[in-house]
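Tertiary structure, described
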Amino acid sequence: MAARPSWRCRVCGAAWPCSPARLSLLGEYREDPIGLLVYLAALLDEAAGDLPGQDLLTERFLTWARAR
């Protein structure tokens, strides 16, 4: 999970969701891709409050998951 309010990975320090987090989420939500998008959208909303003015949050949180 991400460290807030920076939204960086607690393990590797990369912007969350980092590659390991994405793989983990894809595995966890393998049978529920819509649920994954709903979960990520909720986190995107929280991150937008913590990271005002940051561009590309939608790309960071959602676009990678929609391509699956």
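Residues numbered from 1 in each chain as written. Predicted model: local features only at pLDDT ≥ 70, side-chain atom pairs only at ≥ 80, totals over all residues. Heavy atoms only, no water.

**Description of helix α2 (residues 33–50)**
Each full turn of the α-helix corresponds to 3.6 residues, which orients residues three or four apart in the same direction. Across its 18 residues, α2 extends 26 Å between first and last C-alpha, which sits within 8% of the 26 Å expected from 1.5 Å per residue. Among the residues making up α2, those that are buried are G35, L36, L40, L43, L44 and A47. Buried residues along α2 sit against α1 (19–28) and α3 (57–66). (Helix = DSSP H or I, 4+ residues; strand = E, 2+ residues; numbered from the N terminus. Expected span 1.5 Å × (residues − 1). Buried < 20%, exposed > 50% of the residue type's maximum accessible area, 1.4 Å probe, protein only. Contact = heavy atoms within 4.5 Å.)

**Regarding the pattern of salt bridges**
The tally for this structure, following the rule as stated, stands at 2 salt bridges. As a salt-bridge pair, R4 and E46 come within 2.7 Å of each other at their nearest N and O atoms. Taken together, the residues R4 in the loop between β1 (2–3) and β2 (8–9) and E46 in helix α2 connect sequence positions 42 residues apart. On the basis of relative accessibility, which here comes to 33%, the residue E46 falls in the partly exposed class. With a shortest N-O distance of 2.8 Å, D50 and R4 are connected by a salt bridge. Taken together, the residues D50 in helix α2 and R4 in the loop between β1 and β2 connect sequence positions 46 residues apart. Put simply, R4, E46 and D50 are held in one network by salt bridges that share partners. (Salt bridge = Lys/Arg side-chain N within 4 Å of Asp/Glu carboxyl O.)

Everything listed here is a matter of geometry and, on its own, says nothing about what the molecule does.
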